[in-house]
Amino acid sequence: MDHKRLLRHLISLTLCVLATASACGPSESGSSAIQPGEWEGTGDQEFKIDFTVAQNGNALTFYGFFYPLTCTKPGGFESVVSESNVPLNGSQFELSGTHFRVTAKFVTPERAEGTWTVEAHRSPQFGDCRETDGTWVARPKGANTPTSVPPIATSIPPTAPPTATSVPPTLTILIPMDGHWTGTTSSDEPVSFDISDRGTVVTNFQLTTGGTCAIPGGICGYSIFPTIFDPIAITNGQFAYSSSTYSFDGEFTSATTVSGNYIFKEYGATCMTGGAIPQSHTCYHSATGTWTATLAEDTTHTSTPKPTVTPTHTPTLQPSATPTPKVQSGTAPILESVNLRYDTSSGSLVVFQDITFHDPDGDSYWVDYELVHTTAAGVEVRGGAIEISSRQQKLGATITGDGLVEEANMM
């Protein structure tokens with residue numbers, strides 16, 4: 001009897017080995033194998049989603065998605081951003097709200113697939129909206145190529161005779177034109193930037209957005225317009241920027257057109273209230289959206305070549321002994337926002353400027369102001385030293401100064 005039980009046990013093990021992996025043990029697509037970190041994806045009808053998987057692979061710590069609406073007023077959209085903790089049910093999760101539902105399943109550790117549905121509802125901004133749905137796919141950020149290796153063929157297929165008319169495929173690289181570019185966001189707010197170095201660098205990227213937040217005694221509106229001065233490389237017709245509170249990307253569809261996305265995550269903004277003495281309040285802005293831009297019409301697209309000059313027999317002058325100034329190399333500080341606050345407690349109007357910035361080198365030491373135009377008399381402009389540690393500058397900091405002071409008596 002012992003030999004028979006041993007034989008049945010060996011047969012059972014053999015069948016388990018011959019069967020699929022799911023019959024003998026847990027699937028590799030379980031939540032423990034899901035790659036942690038930031039994910040991004042797209043879907044039908046311009047649906048976009050971003051989320052962050054916790055380090056233990058068992059929950060989401062952030063999610064944001066943007067979906068279009070089909071309403072009586074065209075161009076409708078809605079976005080949802082949250083830093084709530086969403087546990088994973090095995091390899092799946094679900095997000096739902098008043099009239100939306102997003103489902104997801106991690107089919108591999110580096111690929112998620114799902115569906116999105118928007119129920120019919122009434123939008124205060126876009127009117128009556130009908131039900132829409134679609135599918136989406138997401139991968140970890142930076143995972144542009146599949147990690148699986150195709151199986152190696154065990155037999156050599158017959159070689160086809162060469163065709164004399166076959167032409168190897170060509171690779172077309174889209175190069176945008178240099179100049180100033182302008183456009184709008186999906187919220188009808190302005191966006192602008194510059195392209196230089198023969199279509200390889202983006203600088204001065206500025207995108208405007210805003211909103212409202214609840215404050216003691218009511219609702220306060222605000223507007224923010226972070227500007228990224230540092231150069232952003234254009235690679236294969238695309239560029240991107242990312243920080244802890246703000247990120248955007250762009251993809252050129254022609255030499256003069258581009259479209260992209262943006263995300264704000266708890267971005268700090270100063271909100272001013274009116275009254276005899278204006279008051280400032282801090283709001284935190286979270287939103288996602290899209291943007292488009294084109295090359296400005298007044299940008300010069302072509303340059304006139306310089307004529308060739310034949311040198312005459314003029315004696316060569318030796319350079320003087322003037323020393324060449326040394327230019328410090330490094331990265332310029334990045335201004336994220338500039339917000340104004342007003343104070344009349346001293347009898348004069350003092351305008352405080354809250355400048356939020358971060359410096360990748362951490363070596364900013366002085367802030368200066370330039371008065372461009374004013375119709376008021378007795379206006380004084382003040383600058384000063386930046387007494388913020390190098391470490392804090394690299395992480396992000398805010399410097400406040402009384403940039404403008406009107407000496408006229410306000411009483």
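Up top is the structure these notes are about.
So, here's what we can say about the structure. None of these values were measured; they are calculated from a predicted model.

## Quick look at the layout of surface pockets
Phase 1 of the analysis: Of the voids in this model, the largest pocket is the one considered here, and its volume is about 1200 Å³.
Phase 2 of the analysis: Around the largest pocket, the lining comprises 44 residues; the ones closest to its centre are E40, T42, K48, D249 and N261.
Phase 3 of the analysis: Quantified by volume, the second largest pocket comes out at close to 340 Å³.
Phase 4 of the analysis: Looking at the second largest pocket, it is lined by 22 residues, and the ones nearest its centre are G268, E336, S337, T356 and T398.
Phase 5 of the analysis: Looking at the lining of the second largest pocket, the elements with two or more residues in it are β21 (257–273), β22 (279–295), β23 (334–343), β24 (349–358), α2 (390–395) and β28 (397–406).
Phase 6 of the analysis: Split by residue class, the lining of the second largest pocket holds four nonpolar, 14 polar and four charged.

## Observations concerning the nonpolar core
Phase 1 of the analysis: Ranked by internal contacts, the top residues of the largest apolar core, which has 31 residues, are F193, F205, F239, Y246, F248 and W291.
Phase 2 of the analysis: Taken together, the elements giving at least two residues each to this core come down to β13 (190–196), β14 (201–207), β15 (209–215), β16 (218–224), β19 (238–242), β20 (246–252), β21 and β22.
Phase 3 of the analysis: In terms of residue count, the dominant contributor to this core is β21 (six residues).
Phase 4 of the analysis: Within the second largest apolar cluster, 30 residues are counted, among which are F47, F77, F106 and V118.

## Section: the packing of aromatic side chains
Phase 1 of the analysis: Overall, the coordinates contain 29 aromatic pairs when judged by the stated rule.
Phase 2 of the analysis: A ring pair is formed by F205 and F248, whose centres lie 3.9 Å apart and whose planes are at 10°; its orientation type is stacked. Taken together, the residues F205 in strand β14 and F248 in strand β20 connect sequence positions 43 residues apart. Comparing F205 with F248 shows no difference in burial state: the two are buried.
Phase 3 of the analysis: Grouped by ring-pair contacts, the aromatic residues W181, F193, F205, F239, Y241, Y246, F248, F252, Y262, F264, Y267 and W291 constitute a single cluster.
Phase 4 of the analysis: The ring centre of F62 lies 4.0 Å from the NZ or CZ of K265, which sits over that ring.

## Here's the deal with the environment of S389
Phase 1 of the analysis: By the element assignment, S389 lies in the loop between β27 (384–385) and α2.
Phase 2 of the analysis: Assessed through its relative accessible area of 44%, S389 is described here as partly exposed.
Phase 3 of the analysis: Once the C-alpha coordinates of S389 and G362 are considered, the two residues, 27 residues apart in sequence, prove to be 7.6 Å apart.

## Notes on the state of the cysteines
Phase 1 of the analysis: Applying the stated rule across the entire model yields two disulfides.
Phase 2 of the analysis: The residue that forms a disulfide with C71 is C129, at a sulfur-sulfur distance of 1.9 Å. Disulfide C71-C129: torsion about the S-S bond near 95°, hence right-handed. Linking C71 in the loop between β3 (59–68) and β4 (77–82) with C129 in strand β10 (residues 127–129), this pair joins segments that are 58 residues apart in sequence. Neither C71 nor C129 differs from the other in exposure class; each is buried.
Phase 3 of the analysis: Here C213 engages in a disulfide with C283; their sulfurs sit 1.9 Å apart. In this pair, C213 is assigned in strand β15 and C283 in strand β22, connecting sequence segments 70 residues apart. With respect to burial, C213 and C283 carry one shared label: buried.

## Quick look at the side chain of S82
Phase 1 of the analysis: Counting through the fold element by element, S82 comes out in strand β4.
Phase 2 of the analysis: A relative accessible area of 14% places S82 in the buried class.
Phase 3 of the analysis: Engagement of the side chain of S82 in a polar contact is seen with the side chain of S84, the distance being 2.9 Å.
Phase 4 of the analysis: Every residue in contact with S82, bar those within four places of it in the chain, is listed here: F62 and Y63.

About the thresholds
- Residues numbered from 1 in each chain as written.
- Predicted model: local features only at pLDDT ≥ 70, side-chain atom pairs only at ≥ 80, totals over all residues.
- Heavy atoms only, no water.
- 1 Å grid on protein atoms, 1.4 Å probe; cavity = no way out; pocket = protein on both sides within 12 Å on 5 of 7 lines; lining within 4 Å.
- Points joined across faces, edges and corners; volume = space filled by probe spheres on them.
- Helix = DSSP H or I, 4+ residues; strand = E, 2+ residues; numbered from the N terminus.
- Nonpolar A, V, L, I, M, F, W, Y, C, P; charged D, E, K, R; others polar.
- Core = buried A, V, L, I, M, F, W, Y, C linked by side-chain atoms within 4.5 Å.
- Buried < 20%, exposed > 50% of the residue type's maximum accessible area, 1.4 Å probe, protein only.
- Phe/Tyr/Trp six-rings, centres within 6.5 Å; stacked < 30°, edge-to-face > 60°.
- Lys NZ or Arg CZ within 6 Å of the ring centre and 35° of its normal.
- Disulfide = S-S within 2.5 Å.
- Polar contact = N/O pair within 3.5 Å; in protein donor to acceptor, adjacent residues only side chain to side chain.
- Contact = heavy atoms within 4.5 Å.

Interpretation note: all reported values are geometric properties and have no functional meaning in isolation.
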